[in-house]
Amino acid sequence: MSSGELLHIHPQELQFPFELRKQISCSLQLSNKTDNYVAFKVKTTNPKKYCVRPNTGVVLPRTTCDIIVTMQAQKEAPPDMQCKDKFLLQSVVANPGATPKDITPEMFNKESGHDVEECKLRVVYVSPPRPPSPVQEGSDEESSPRASVSENGHSNAPEFTAASKTFNEHAEQDVSIEARAVISKMTEERNSIIDQNKRLQQEVELLRRSAKRGGGGIPFIYVVLVGIIGIILGFLMKRT
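- An unreviewed UniProt entry annotates the chain as Vesicle-associated protein 1-2 of Stylosanthes scabra.
- Under Sequence similarities (unreviewed entry), UniProt gives the following word-for-word description of the chain: "Belongs to the VAMP-associated protein (VAP) (TC 9.B.17) family."

Given below as structure tokens:
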């Protein structure tokens, strides 16, 4: 910060985060440390390159004023990012109650006997801040079990593999138990059908023997009934 008798100026360098083909601005703060009205004027060695708002004004007693300096978009960077442009800020005591409309070029003319305070400011180009690196959301690496990381920084892949193996073992056990139950039930049904078939054959054989002893034949309806039962049993045997 400049320690002139009239104004404190901060900063002493106009720092521009230089980028090609982009308009860039920086600010100056003027602090009036006196009880007087102080008029100021800003000049530059390259007026076509910069825009100063305001370039003239009045700082009231014990107050501050901000100045915005805008550099026009540049098509090429200077060698080694060095800038030779300079600014000159002039300040002078103004009449009490003065306004920017009361400022004249004559007020900053030393040859006319005015006590003009001057401060030279240089221009510095700095590297622009780096944008945060983009993070792809929902990437394959994030969704992959191998890329998952626990809170303590270790990979969760071995834990996932072990959990998957345990799950598969339980699933196989459940399937095996269910399959054995189905097979056992089908076997029981098959054995039951075989037993019923044997009993029917024994009954038919007994009827035949009874018919031979009694000299009569087997009733037609009974034969048809036995045939139907045999067809049903055969159909059930094929399903098992």
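1. Considerations on the UniProt feature "coiled-coil region" (unreviewed entry) in the chain
At step 1: Within the UniProt annotation, "coiled-coil region" (unreviewed entry) is assigned to residues 183-210.
At step 2: Secondary structure content for residues 183-210 is 100% helix and 0% strand, while the C-alpha to C-alpha distance between its ends is 40 Å.

2. Some details on the sheet that holds strand β7 (residues 56-59)
At step 1: Here we have five strands laid out as an open sheet, ordered β3-β10-β9-β5-β7, and mixed in their pairing. Only two strands of the sheet have a single neighbouring strand rather than two, namely β3 (13-17) and β7. Ignoring which end each strand starts from, the neighbouring axes of this sheet average 25° apart.
At step 2: Strand direction decides the pairing type here: strand β5 (residues 37-44) and β7, joined by four bridges, are antiparallel. What sits directly across from Lys41, in β7, is Thr56.

3. Observations concerning the nonpolar core
At step 1: In this structure, Phe16, Phe40, Tyr50, Ile67, Val69 and Phe87 are the most contacted members of the largest nonpolar core, which totals 27 residues.
At step 2: Elements with a contribution of two residues or more to this core: β2 (7-10), β3, β4 (24-32), β5, β6 (50-53), β8 (64-71), β9 (86-94) and β10 (117-126).
At step 3: Not counting the four nearest positions on each side in its chain, Tyr50 is found in contact with Phe16, Thr44, Val69, Thr70, Met71, Cys83, Asp85, Phe87, Val123 and Tyr125.
At step 4: In terms of nonpolar packing, the next biggest core, distinct from the first, is built from nine residues, Val92, Ala94, Ala98 and Met107 among them.

4. Some points on the pattern of salt bridges
At step 1: Enumeration over the complete set of coordinates arrives at five salt bridges.
At step 2: Across the salt bridge formed by Arg62 and Asp35, the nearest N and O atoms sit 3.0 Å from each other. On the criterion of sequence distance, the pair formed by Arg62 in the loop between β7 and β8 and Asp35 in the loop between β4 and β5 is long-range, its members being 27 residues apart.
At step 3: Exposure remark for Arg62: the relative accessible area of 54% places this residue in the exposed category.
At step 4: Look at Asp35 and you get exposed, because its relative accessible area is 57%.
At step 5: Close ionic contact of Asp85 with Lys49 constitutes a salt bridge, the shortest N to O distance being 3.0 Å. With Asp85 in the loop between β8 and β9 and Lys49 in the loop between β5 and β6, this residue pair connects regions lying 36 residues apart in the sequence.

5. Details of the confidence of the model for the chain
Any segment with low pLDDT has predicted coordinates that should not be analysed in fine detail.
At step 1: With 72% of its residues at a pLDDT of 70 or more, the chain has an overall mean of 80.
At step 2: In the model of the chain, helix α1 (residues 140-143) stands out as the element of lowest mean pLDDT, 49, in contrast to β7, which has the highest, 98.
At step 3: Across residues 147-155, where pLDDT falls below 50, the model places eight contacts with residues more than four positions away in sequence or in other chains.

6. A word on the packing of aromatic side chains
At step 1: Scanning the entire structure with this criterion turns up three aromatic pairs.
At step 2: Ring geometry for Phe16 versus Tyr50: centroids 5.9 Å apart, planes at 40°, classification tilted. Remark: Tyr50 occurs in strand β6 and Phe16 occurs in strand β3; sequence separation between them is 34 residues.
At step 3: Judged by its relative accessible area of 6%, Tyr50 falls in the buried class.
At step 4: Judged by centre distance (4.8 Å) and plane angle (40°), the ring pair of Phe18 and Tyr125 falls under tilted. Note that Phe18 is positioned in the loop between β3 and β4 and Tyr125 in strand β10, a separation of 107 residues in sequence. An identical accessibility class is assigned to Phe18 and Tyr125; each is buried.
At step 5: Three or more aromatic residues link up through ring pairs in this structure, and these residues are Phe16, Tyr50 and Phe87.

What counts as what
- Residues numbered from 1 in each chain as written.
- Predicted model: local features only at pLDDT ≥ 70, side-chain atom pairs only at ≥ 80, totals over all residues.
- Heavy atoms only, no water.
- UniProt positions renumbered as here; feature names shortened; annotations may be inferred.
- Helix = DSSP H or I, 4+ residues; strand = E, 2+ residues; numbered from the N terminus.
- Pairing = 2+ DSSP bridges.
- Axes fitted to C-alpha atoms, helices over the stretch in contact; angles between N-to-C directions.
- Core = buried A, V, L, I, M, F, W, Y, C linked by side-chain atoms within 4.5 Å.
- Buried < 20%, exposed > 50% of the residue type's maximum accessible area, 1.4 Å probe, protein only.
- Contact = heavy atoms within 4.5 Å.
- Salt bridge = Lys/Arg side-chain N within 4 Å of Asp/Glu carboxyl O.
- pLDDT = per-residue confidence, 0-100.
- Phe/Tyr/Trp six-rings, centres within 6.5 Å; stacked < 30°, edge-to-face > 60°.

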